[in-house]
Amino acid sequence: MYIPKIYKSEDRELMKQIISDNGFAMLISNKEKLWATHSMFLLNESGKDFYLETHVSNGNHQAKVLRDGDEVLCDFLGANAYISSSWYDHINVSTWNYEAVQIRGTVKLMTDDELYLHLHKLTYKYEKQQRCPMFAEEIGEENIRSEMAGAFGMNIFPTEIHIVSKLSQNRDEADFQNIIKELQESPEEHSKKIAEKMKNAKSV
């Protein structure tokens, strides 16, 4: 991912937040052919290090070809919003503000027990906010292990990490404040999120 220096971030906490909030992301590989799958990711921290967990269907091309040591690219898109050139005090072009993370890493296939734990954690993360949550304990280990037959789990250990936070850093104060104002008035939730992130970045 090309990142101009002004938008490049080294903030690991931002990276973790983007992954946590946008766990349904792209798993991209180029073994035998270029392939991309939307899949659910978890970030697993191990001391100062971390790795990603995900799974795809056993019927997926990636499940048929990926093996230990293969390289994949994981792409996470965070908050993002269109920025209209009509918001500037001069003639210019429109653009897009956004936050994103790309992680290139190597695959280590999960054991059955690792896959079971992965599905257990994934279920908890998304069920805990439901009105009537259905946790793994309610589903039952036998049922989960039966469904595991159709899943291909993998851990991904990072070799490259790229974090972008493009928040109109190249604009002067007048344009910057007007962009925030316009985004706050938008009905789009992501626009409001970008406005808030711009305000927070300015206050740092």
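For the structure itself, consult the block above.
These numbers were taken from a predicted model, which means no experiment stands behind them. (Residues numbered from 1 in each chain as written. Predicted model: local features only at pLDDT ≥ 70, side-chain atom pairs only at ≥ 80, totals over all residues. Heavy atoms only, no water.)

S.K.: Please clarify how the side chain of Q62 should be interpreted in this entry.
M.R.: If you trace the backbone, Q62 turns up in helix α2 (residues 61-65). By relative accessible area, Q62 is classed as buried at 0%. Not counting residues within four places of it along the chain, the set of residues in contact with Q62 comprises L27, I28, S29, W35, A36, T37, V56 and F152. (Helix = DSSP H or I, 4+ residues; strand = E, 2+ residues; numbered from the N terminus. Buried < 20%, exposed > 50% of the residue type's maximum accessible area, 1.4 Å probe, protein only. Contact = heavy atoms within 4.5 Å.)

S.K.: Could you clarify how one ought to interpret the pattern of salt bridges in this entry?
M.R.: Oppositely charged side chains may form a pair once their charged atoms are brought near each other. According to the stated counting rule, one finds 12 salt bridges in the structure shown. Across the pair E53 and K121 runs a salt bridge, and its minimum N-O distance is 2.6 Å. With a gap of 68 residues between them, E53 in strand β4 (residues 49-57) and K121 in helix α3 (residues 112-127) connect regions that are remote in the sequence. Given a relative accessible area of 4%, E53 falls into the buried group. According to the relative accessible area criterion, K121 is partly exposed, its value standing at 30%. Note that K181 is salt-bridged to E185, the shortest N-O span being 3.3 Å. Connected through shared salt-bridge partners, E13, K16 and E45 make up one network. (Salt bridge = Lys/Arg side-chain N within 4 Å of Asp/Glu carboxyl O.)

S.K.: Can you walk me through helix α6 (residues 173-184) in this structure?
M.R.: Two residues of an α-helix separated by three or four positions point the same way, owing to the 3.6 residues in each turn. The first and last C-alpha atoms of α6 sit 17 Å apart over 12 residues, in line with the 16 Å expected at 1.5 Å per residue. If you check which residues of α6 are buried, you get D175, F176, I179, I180 and L183. Summarising the axial view, the buried residues of α6 lie within an arc of 140°, below the 170-degree limit, and thus occupy one face. (Expected span 1.5 Å × (residues − 1). Arc of directions from axis to C-beta.)

S.K.: Can you help me understand the environment of S9 in this one?
M.R.: Within the fold, S9 resides in strand β1 (residues 8-9). On the basis of relative accessibility, which here comes to 12%, the residue S9 falls in the buried class. For the pair S9 and A100, spaced 91 residues apart in sequence, the C-alpha separation works out to 10.0 Å. Setting aside residues no more than four positions away along its own chain, S9 makes contact with L14, I163 and S165. A distance of 3.0 Å separates a polar side-chain atom of S9 from the backbone nitrogen of D11. (Polar contact = N/O pair within 3.5 Å; in protein donor to acceptor, adjacent residues only side chain to side chain.)

S.K.: Is there a simple way to explain unusual backbone geometry in this structure?
M.R.: Only a minority of non-glycine residues have a phi that is not negative, and only a minority of peptide bonds are not trans. With phi around 75°, E32 is a residue other than glycine that occupies positive phi space. Relative to the elements of secondary structure, E32 occurs in the loop between β2 (24-29) and β3 (35-46). A positive phi angle, near 60°, is found at S168, a position not held by glycine. Within the element layout of this structure, S168 appears in the loop between β7 (151-166) and α6. According to the relative accessible area criterion, S168 is buried, its value standing at 4%.

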